[in-house]
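Structure at a glance
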Amino acid sequence: MATKPLLCELHAHTTWSDGGLSVRALVDLYGRAGFDVLAITDHVVRSDQADFEQNDATLRSERFSVYLEEIEAHAERALLRYRMLVIPGLELTYDDPDPRRAAHTLALGLRSFIGLGGDLDAALGAAAAAGAVLIAAHPYTLAAAGAAARTTARFAEEPEWAAASVHRFEVCNRHDFFDWVAQARLPVVASGDFHRPEHLETWKTLVSAEPSEEAVLEHLRTGRPVSLTRLDAASRELIRAA
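Parameters at a glance
Residues numbered from 1 in each chain as written. Predicted model: local features only at pLDDT ≥ 70, side-chain atom pairs only at ≥ 80, totals over all residues. Heavy atoms only, no water. Helix = DSSP H or I, 4+ residues; strand = E, 2+ residues; numbered from the N terminus. Rg over C-alpha atoms; globule rule 2.2 N^0.38 Å. Buried < 20%, exposed > 50% of the residue type's maximum accessible area, 1.4 Å probe, protein only. Contact = heavy atoms within 4.5 Å. Areas by Shrake-Rupley, 256 points an atom, 1.4 Å probe, with all protein chains shown as cover. Lys, Arg positive; Asp, Glu negative; His and termini not counted. Charge placed at Lys NZ, Arg CZ, Asp CG, Glu CD. Axes fitted to C-alpha atoms, helices over the stretch in contact; angles between N-to-C directions. Parallel < 35°, antiparallel > 145°, perpendicular 65-115°, else oblique. Left-handed = near helix turned anticlockwise from the far one by under 90°. Nonpolar A, V, L, I, M, F, W, Y, C, P; charged D, E, K, R; others polar. Core = buried A, V, L, I, M, F, W, Y, C linked by side-chain atoms within 4.5 Å. Phe/Tyr/Trp six-rings, centres within 6.5 Å; stacked < 30°, edge-to-face > 60°. Arc of directions from axis to C-beta. 1 Å grid on protein atoms, 1.4 Å probe; cavity = no way out; pocket = protein on both sides within 12 Å on 5 of 7 lines; lining within 4 Å. Points joined across faces, edges and corners; volume = space filled by probe spheres on them. Pairing = 2+ DSSP bridges.

Concerning the overall build of the protein chain
Broken down by element type, the protein chain carries nine helices and ten strands. Against the globule reference of 18 Å for 242 residues, the protein chain gives a C-alpha radius of gyration of 17 Å, in line with a compact fold. Based on the C-alpha atoms only, the size of the protein chain along its principal axes is roughly 50 × 40 × 30 Å. Across the 242 residues that make up the protein chain, the buried fraction comes to 52%. Long-range contacts, defined here as pairs at least 24 residues apart, represent 64% of the contacts in the protein chain between residues at least 6 apart. Accessible surface, the protein chain as shown: approximately 10600 Å² in total, 52% of it carbon and sulfur. Charged side chains of the protein chain number 24 positive and 35 negative; the gap between the two group centres comes to 6 Å.

Describing unusual backbone geometry
One non-glycine residue, Arg174, lies in the positive phi region at around 60 degrees. Mapped onto the fold, Arg174 is located in the loop between strand E6 (168-173) and strand E7 (176-177). The phi torsion at Asp193 lies on the positive side, around 45 degrees, for a residue other than glycine. Within the secondary structure, Asp193 is located in the loop between strand E8 (188-191) and strand E9 (203-207).

Some remarks on the packing of helix H1 (residues 23-32) against helix H2 (residues 61-82)
In contact at an axis separation of 10 Å, H1 and H2 are set at 25 degrees when each is read in the N-to-C sense. Judged on the interaxial angle alone, H2 and H1 are roughly parallel. Where H1 crosses over H2, the handedness of that crossing is right-handed. For the pair H1 and H2, contact is made by Val23, Arg24, Val27, Asp28, Gly31 and Arg32 and by Glu70, Ile71, His74, Arg77, Ala78, Arg81 and Tyr82, respectively. Partitioned by chemical class, the residues of the contact of H1 with H2 number five nonpolar, two polar and six charged.

Focus: the nonpolar core
By size, the foremost hydrophobic cluster in this structure holds 59 residues, and its most contacted members are Met84, Leu92, Phe155 and Phe169. Leu106, Leu108, Ile135 and Val207 belong to the second largest nonpolar core, which has 18 residues in total.

With respect to the packing of aromatic side chains
Tallying each qualifying case throughout the model produces ten aromatic pairs. For the pair Phe169 and Trp180, a centre-to-centre distance of 5.9 Å together with 80 degrees between the ring planes defines the contact as edge-to-face. Of this pair, Phe169 sits in strand E6 while Trp180 is found in helix H7 (residues 179-183), placing the two residues eleven residues apart along the sequence. The exposure class assigned to Phe169 is buried, which follows from its relative accessible area of 1%. Relative accessible area serves as the criterion here: at 14%, Trp180 is assigned to the buried category. Joined through ring pairs, the aromatic side chains of Trp16, Phe64, Tyr67 and Phe113 make up one cluster.

Describing helix H8 (residues 213-221)
Of all the positions in H8, only Glu213, Val216, Leu217, His219 and Leu220 are classed as buried. Projected down its long axis, H8 carries its buried residues within an arc of 155 degrees, all on one side. Downstream of H8 by a residue or two, Gly223 has a phi angle that is positive, lying close to 75 degrees.

Overview of the layout of surface pockets
For the second largest pocket, the calculated volume is near 310 Å³. Lining of the second largest pocket is provided by 20 residues; of these, Asp18, His43, His104, Arg150 and His195 occupy positions nearest its centre.

Topic: the pairing of E9
As paired strands, strand E1 (residues 6-9) and E9 are joined by three bridges and run antiparallel to one another. Paired with Cys8 across the strands is Thr205, a residue of E9. For E9 and strand E10 (residues 227-230), the ladder comprises four bridges, and the chain directions are antiparallel. Bridge pairing in E10 links Lys204 to Thr229.

Encoded structure:
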C-alpha cells in the first residue's frame, strides 16, 4: 500500500535564535496548518568571531540542553494533539566576509550540540557522525549572493565538496530557486526558512515515508525522491479537510 506523503517544513527558527515565535507558538501554527513534520533548526554561529559574545540570536552549548528539552516536550504534545512529528536540529551558520567561504547547513535529528569555530568541515563531520541529516541551506551562486541577504556561496563554488559533505540541497528557500542545484541533479528539498508567520505559505517538501522520525530522516539521508509543493491559503484548507 502506498504511503501517504508527509507535508514537511524542514527549516524553521524560534525565539531561541532569530525567529519571531516561541517553540510552543511555532508548533501550534504548523500543527493547525495540517503539517505532518516540523524540523526546528535554530542558529549556531561561529564562536571565533569578535561579536560572538554579544550575539543573542544564536544557540550556545550551555543553553542547548534546555533548548532540546523544550523541543522534546512540545514534540510529545504535537504528536498527541496534531499527529505531527517535531524533529530537533540546528542551522550551522558559517558566515564569512568572503561569500566563497560562507555556507549554512541544516542538521536534522541532532541531539548533541555542535559548535562552530573556524572550521565548517569539522562541524559537518561531527554532525554527520552524530547521525544528523545535513541539508545545504539557501545555496546561492557567487553572482546571486551579492544581492542576497545571506551571502552563502560556498556550496555553489565548490560543488564536488558540497555533494560529498551534505545529504541534500535546498533547491528552493521560501520563493528563491537555485537553478544550479537542479541542473546538477542533486537530491533536493524545499523549505520556508521560517522566521515570521508569512513564511508559512511558501514552498515545502512532501516525503513518502512512514510517519516516524527515523523513517523521515532515513528517506532524506538516502536521497530517495521527494515532491515539492507551494503552500497557500487554499491548499491549507484542503489539507485540513483531508
